[in-house]
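A structural walkthrough
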Amino acid sequence: MADATKMKKPGRLDTQGVRKGKEKQYELLVQTAMPTSGKIEAPHLTIILHNESKKEICVIETGTSRDFKFEVKDRDGRIMSPKSAGRKGLIVNEGKQSVVCINAGQKVSYGIDLSDLYSLASGEYTLTVQKTLLLGDRRTTVKAQSAPVKFVFKSSK
């Protein structure tokens, strides 16, 4: 992840909560920021998981971007394919998993460099992020999904 001091102001914060009845339970927020120096291949992401429920939830962590599901679409709505090298690199840490619990009201943030996963040409894109959560019984899963986040990317290539 890039040093936060070298990043431009984060983009708009978008959110979509997983709902249980009428009460919002979990929220996945995504911010995009373009690095201001070095070779710019894709934006850096800050992903914030907020447990707004009254109970503890858990997540399975590998410490890699594989903990999330990303969907990047171009301006025409075509889904972009991830780099094959990025997928191979993620499998190296796949066996190293831990269950991390998030208390009621707690927020946890993650930093992801999208250039590890995608080679993007200059253009407009829409990004959606998804993460699987384990409820208190550690057997029931729900998926938290961000609202679509639009960003404009200008390649330095």
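This section reports on the structure supplied with the text.

Conventions we followed
Residues numbered from 1 in each chain as written. Predicted model: local features only at pLDDT ≥ 70, side-chain atom pairs only at ≥ 80, totals over all residues. Heavy atoms only, no water. Core = buried A, V, L, I, M, F, W, Y, C linked by side-chain atoms within 4.5 Å. Buried < 20%, exposed > 50% of the residue type's maximum accessible area, 1.4 Å probe, protein only. Helix = DSSP H or I, 4+ residues; strand = E, 2+ residues; numbered from the N terminus. Contact = heavy atoms within 4.5 Å. Phe/Tyr/Trp six-rings, centres within 6.5 Å; stacked < 30°, edge-to-face > 60°. Pairing = 2+ DSSP bridges. Salt bridge = Lys/Arg side-chain N within 4 Å of Asp/Glu carboxyl O.

**Structural notes on the nonpolar core**
Within the largest apolar cluster, 27 residues are counted, with the highest numbers of intra-cluster contacts made by Leu 45, Ile 47, Phe 70, Leu 127 and Val 129. Elements represented by at least two residues in this core include exactly β2 (23-33), β3 (44-51), β4 (57-61), β5 (69-74), β7 (107-113), β8 (123-134) and β10 (149-153). Val 129 has contacts with Leu 28, Val 30, Ile 47, Phe 68, Lys 69, Phe 70, Ala 144, Gln 145 and Ser 146, leaving out every residue within four places of it along the chain.

**Focus: the packing of aromatic side chains**
Tallied over the entire structure, the rule returns 3 aromatic pairs. Between Phe 68 and Tyr 110, the aromatic rings sit 5.0 Å apart at their centres with planes inclined by 80°, giving edge-to-face as the arrangement. Of this pair, Phe 68 sits in the loop between β4 and β5 while Tyr 110 sits in strand β7; the two residues are 42 residues apart in sequence, bridging distant segments of the chain. With a centroid separation of 5.6 Å and an interplanar angle of 25°, the aromatic rings of Tyr 125 and Phe 151 are classed as stacked. You can see Tyr 125 sitting in strand β8 and its partner Phe 151 sitting in strand β10, a full 26 residues away along the chain. As far as the burial class goes, Tyr 125 and Phe 151 line up, both buried. A network of ring pairs unites the aromatic residues Phe 68, Phe 70 and Tyr 110 as a single cluster.

**What to know about unusual backbone geometry**
One non-glycine residue, Arg 138, adopts positive backbone phi at about 60°. For Arg 138, a relative accessible area of 47% corresponds to the partly exposed category.

**Considerations on the pairing of β4**
Taking burial as the measure, the 5 residues of β4 include 4 buried ones, the bulk of the element. Taken together, the 5 bridges between β4 and strand β6 (residues 98-102) define a ladder with antiparallel strand orientation. Bridging across to β6, Ile 60 finds its partner in Val 99.

**Thoughts on the pattern of salt bridges**
When the charged atoms of two side chains with opposite charge come close together, those side chains can pair. Taken as a whole, this structure holds 5 salt bridges when the rule is applied. A salt bridge links Asp 74 to Arg 78; the nearest nitrogen and oxygen atoms lie 2.9 Å apart. Within the structure, one salt-bridge network assembled from shared partners comprises Asp 74, Asp 76 and Arg 78.

**Describing the pairing of β3**
Most of β3 is tucked away, with 7 of its 8 residues classed as buried. By the bridge criterion, 7 bridges tie β3 to β7 in an arrangement that is antiparallel. If you follow Leu 45 over to β7, its bridge partner there is Ile 112.

Scope: geometric values only; no functional claims are made or implied.
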